[in-house]
Amino acid sequence: MSFEGEFTFCMHSSSLPTPAEAMESAGEVLEFLEQLHHAAEAAGGVEITLAALEAAGFTGFGGVATEVAAVTVAAYAGAVAGCLIAATGSSIFDLLSEAEHGSEVVRDVVVAANDAGVEVPAGFAVA
């Protein structure tokens, strides 16, 4: 199965929407996480709901379904990172080391890797 297929299957298995744009690569998912965190911080923080973030102007979901509107940005970002790990395994750390990403994104990925039992390289320790 392709990266996009694995990622989409994982998100839908969690009953969560995938981002509005097709995520064909792990790099695109990392960029989406960056945008999600920036939008959440501008709108009040990661504890706001997906509905509140969308109401604040974030269009990255393409419309939030009523049944997930109350999910927090923090929970959604964690699920996205978990599905990223499910689709890439430890190879995601190669990509993370190639480009600069915000600490929130790195933290999401490290926590998801730890939760999945995927080994996290020493340079990615999260305080």
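Heads up: the structure comes first, above all this text.
Calculation notes
- Residues numbered from 1 in each chain as written.
- Predicted model: local features only at pLDDT ≥ 70, side-chain atom pairs only at ≥ 80, totals over all residues.
- Heavy atoms only, no water.
- Axes fitted to C-alpha atoms, helices over the stretch in contact; angles between N-to-C directions.
- Helix = DSSP H or I, 4+ residues; strand = E, 2+ residues; numbered from the N terminus.
- Parallel < 35°, antiparallel > 145°, perpendicular 65-115°, else oblique.
- Contact = heavy atoms within 4.5 Å.
- Nonpolar A, V, L, I, M, F, W, Y, C, P; charged D, E, K, R; others polar.
- Buried < 20%, exposed > 50% of the residue type's maximum accessible area, 1.4 Å probe, protein only.
- Lys, Arg positive; Asp, Glu negative; His and termini not counted.
- Salt bridge = Lys/Arg side-chain N within 4 Å of Asp/Glu carboxyl O.
- Polar contact = N/O pair within 3.5 Å; in protein donor to acceptor, adjacent residues only side chain to side chain.

A word on the packing of helix H2 (residues 26–43) against helix H4 (residues 73–88). H4 packs onto H2 with a crossing angle of 170° between their chain directions and a minimal axis gap of 11 Å. In terms of orientation, H2 lies roughly antiparallel with respect to H4. Counting all contacts with H2, which are made through Ala26, Val29, Leu30, Phe32, Leu33, Leu36, His37 and Ala40, the residues of H4 involved are Val73, Tyr76, Ala77, Val80, Ala81, Leu84 and Thr88. Here the residues of the contact of H2 with H4 are counted per class, giving 13 nonpolar, two polar and no charged.

Assignment of secondary structure puts Glu34 in helix H2. No salt bridge forms around the buried Glu34; measuring N to O, its nearest opposite-charge neighbour Arg107 is 10 Å away. Among the polar contacts listed, one links the side chain of Glu34 to the backbone nitrogen of Gly102, at a separation of 2.5 Å. In contact with Glu34, other than residues within four places in its own chain, are Glu100, His101, Gly102 and Val105.

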